[in-house]
Amino acid sequence: MEDEASSSARKPKRPRVAPAAAAAAAAWEPHFTYLPIADALKQRPRARVCLFAVVAEIGAAFHSSGTDFTVTLRIVDESRKAGISATFFAQEPDLLPCVKSNGDVISLRDVMVKCYLEEFFIAVDKRLSSFALFESKVSAECSPYQTSKNYHGSKHDKERLTQLRTWLPLGLKDFGLKDLELQLRSLKSDSTFDLVCKVLHVLKHKDKWIFYVWDGTDTPAAEFQAISDAEAVASPALPRELLCTMPCIGTVLRIFSDRPVNKASHMQQGTYWARFCNITCKREFGIWKGVFLKRSRVRLLSHEDGSVVDRLKMYDSRNANKVLHQPMGSFPSNVAVLSDEYEEEGYSTLMESLTHPEVTHKVKTLVRVVAFYPCEAYELHLLLRSNYDYSIRLTLEDPTARIDAYVHKQNLVQFFGDSLTEVVVMKKLNKLLGIPESEDGDEVVPMSWNSPWIWCVMSSYYCEKTDPWGSRRYRIVDTTIRD
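Numbering of residues starts from 1 in every chain and runs along the sequence as written. Residue-level local features of this predicted model are given only where pLDDT is at least 70; pairs of side-chain atoms are given and counted only at 80 or more, and the full residue set underlies all totals for whole chains, interfaces and linings. Computation of side-chain values: all heavy atoms of the structure, hydrogens and water removed.

On to the packing of aromatic side chains, then. One pair of aromatic rings is described through two measures. These are the centre distance and the angle between the planes. Here a Phe, Tyr or Trp ring, Trp counted by its six-membered ring, pairs with any other such ring whose centre lies within 6.5 Å, and the pair is stacked when the planes are under 30 degrees apart, edge-to-face when over 60, and tilted otherwise. Following the criterion strictly, the structure yields 10 aromatic pairs and no others. A ring pair is formed by W214 and W273, whose centres lie 6.3 Å apart and whose planes are at 55 degrees; its orientation type is tilted. Placement of the pair is W214 in strand β11 (residues 208-214) and W273 in strand β14 (residues 273-284), with a sequence separation of 59 residues. Geometrically, the ring pair formed by F415 and F416 is edge-to-face, given 4.9 Å between the ring centres and 90 degrees between the ring planes. With respect to burial, F415 and F416 carry one shared label: buried. A connected cluster of aromatic rings, assembled from ring pairs, spans Y34, F52 and F134. Looking at R240, its charged tip hangs above the ring of W469, at a distance of 3.8 Å from the centre. Here the guanidinium or amino end of R475 rests over the ring plane of Y461, the centre of that ring lying 4.2 Å away. Only DSSP runs of H or I with at least four residues qualify as helices, and only runs of E with at least two residues qualify as strands; both kinds are numbered from the N terminus onward. Accessible area is worked out with a 1.4 Å probe on protein chains only. A residue is then buried under 20% of its type maximum, exposed over 50%, and partly exposed in between. Here, a charge over a ring is recorded when the distance from Lys NZ or Arg CZ to the ring centre is within 6 Å and its angle to the ring normal is within 35 degrees.

Expected span of a helix: the number of residues minus one, times 1.5 Å. Along its 15 residues, helix α7 (residues 306-320) runs 21 Å from first to last C-alpha, staying within 8% of the 21 Å computed at 1.5 Å per residue. Of the residues making up α7, those classed as buried are S307, V308, R311, Y315 and R318. The buried residues of α7 occupy an angular sector of 95 degrees when projected down its axis, which confines them to one face. Of the residues in α7, the exposed ones pointing more than 90 degrees away from the buried face are K313, D316 and A320. Only heavy atoms enter the contact rule, under which two residues are in contact if any of them lie within 4.5 Å. Check the buried side of α7 and you find it contacts β9 (181-182), β10 (193-205), β11, β14 and β15 (287-301). By the criterion applied in these results, polar contacts are pairs of N or O atoms within 3.5 Å in which, for protein atoms, one can donate a hydrogen and the other can accept it, and in which residues neighboring in sequence qualify only through two side-chain atoms. Put simply, D305 is the residue that caps the front of α7, since its side-chain oxygen is 3.0 Å from the backbone nitrogen of S307. Within this analysis, the arc is defined by the directions that extend from the helix axis to the C-beta atoms.

This part takes up the nonpolar core. L394, L396, F416, L432 and M458 are the most contacted members of the largest nonpolar core, which totals 54 residues. By convention here, the domain bounds are inherited from an automatic or database domain assignment. Counting residues domain by domain, this core receives three or more from each of domain 2 (184-225 + 238-321) and domain 3 (336-438 + 447-481). Discounting chain neighbours no more than four positions away, the residues touching L394 are V369, A371, F372, I403, D404, A405, V407, F415, L429, L432 and I476. Formed by 27 residues, the second largest nonpolar core is a distinct cluster that contains F193, F276, C281 and L300. Working definition of a nonpolar core: buried Ala, Val, Leu, Ile, Met, Phe, Trp, Tyr and Cys residues. They are joined through side-chain atoms within 4.5 Å.

Bringing the environment of R74 into the picture now. By the element assignment, R74 lies in strand β3 (residues 69-77). Taking the C-alpha atoms as reference, R74 lies 5.0 Å from E57; in sequence the two are 17 residues apart. Every residue in contact with R74, bar those within four places of it in the chain, is listed here: V54, V55, A56, E57, A82, G83, I84 and S85. A polar atom in the side chain of R74 sits 3.1 Å from the backbone oxygen of A82. Side-chain polar atoms of R74 contact the side chain of S85, separated by 3.0 Å.

This is the structure:
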């Protein structure tokens, strides 16, 4: 009994806690005071603040000059629509904020406002700071879809989250207007719009930046202006190694900027989707080109952004149906016919031929003739009377590419028919361009024309055995122009 008593005496006694105090401790959670961005900028230097804001721009994640990975977001709220940059660092890229879509809401705790070169920015400490990301939809849940390891939710967050979600439709109207958002299939000349697309390649040529972009659709077929030099309509070729990395369905549009573009170096990787804001476009020699304006800018997008998801779904649907591979809005004319053996032959785009793994191959394609050479009657007369081996060059295009193809001397009868006079040949060539024949029979060159879509069979060959890819050419075969 004495041993039991002494043992009991040695045990530490638990402190008594009043029932009311215990309940209060269980219900307690940290309360964070979220400042408007404008008020945060007025705090004393290097003060730590908490912010609840909207992500207006998503930066590219990359390896910093040190050992960390970094990403910069631009955030806005009601007090500062111009926004402020917030820079994050982490040892692994997965620990950085991964914003699903522009307009999503972010909670930032214990971050520091700093100033560099007279410009304020938010510094997010990877050890002391924390963040949480929420969807922008009003109907979405109030729980975050991504948080940092040291982030703890608070019931007081819900009210601020609801306020920002309600403010979003008006607050972000300057960050990409949905009603001004176009796809490549609906381009309009000399209009200002936003374009959501994947950046496949970025090239700096002389003093210009050129962005090669794609959204899975085809640009509208354009009318052609009268040109004396057929070479003017040929577009410069990219290296085959680069072409092979690009999609074979859908137009790759070139967007030109005569000034440096932020994030251009990151987009050279060919993995980013972006919104090109307030750009315009025009046609040169029948080729669409995008153009940067003074107020144009680029915003990177997440692969989970709603506009990106919509475009990928549309492309997947098109890619699954071979018929939809054909140019959008094209109606094959009866100007040209193919040999019977090609009636059931599969269709290929010009890009599929350019990236074909074999140098020599044969494809059936749907194209427009946009130019030919020789283009003068007297030159054609001399050519047809020549005893040498000769050819007529046609420039063909579809939404994916523009190439030169040749009708060689041995294929002239099959292509033009038995009557190989310059009058008949010129008449049929004009027919391919969509140039109507005058009532009195005289040649009339219109100011513009719209070439019809024709089925065509092409066969590739090479001129030099030592350089088969570099010397590859195309000839037109098994195709006949109707009278």
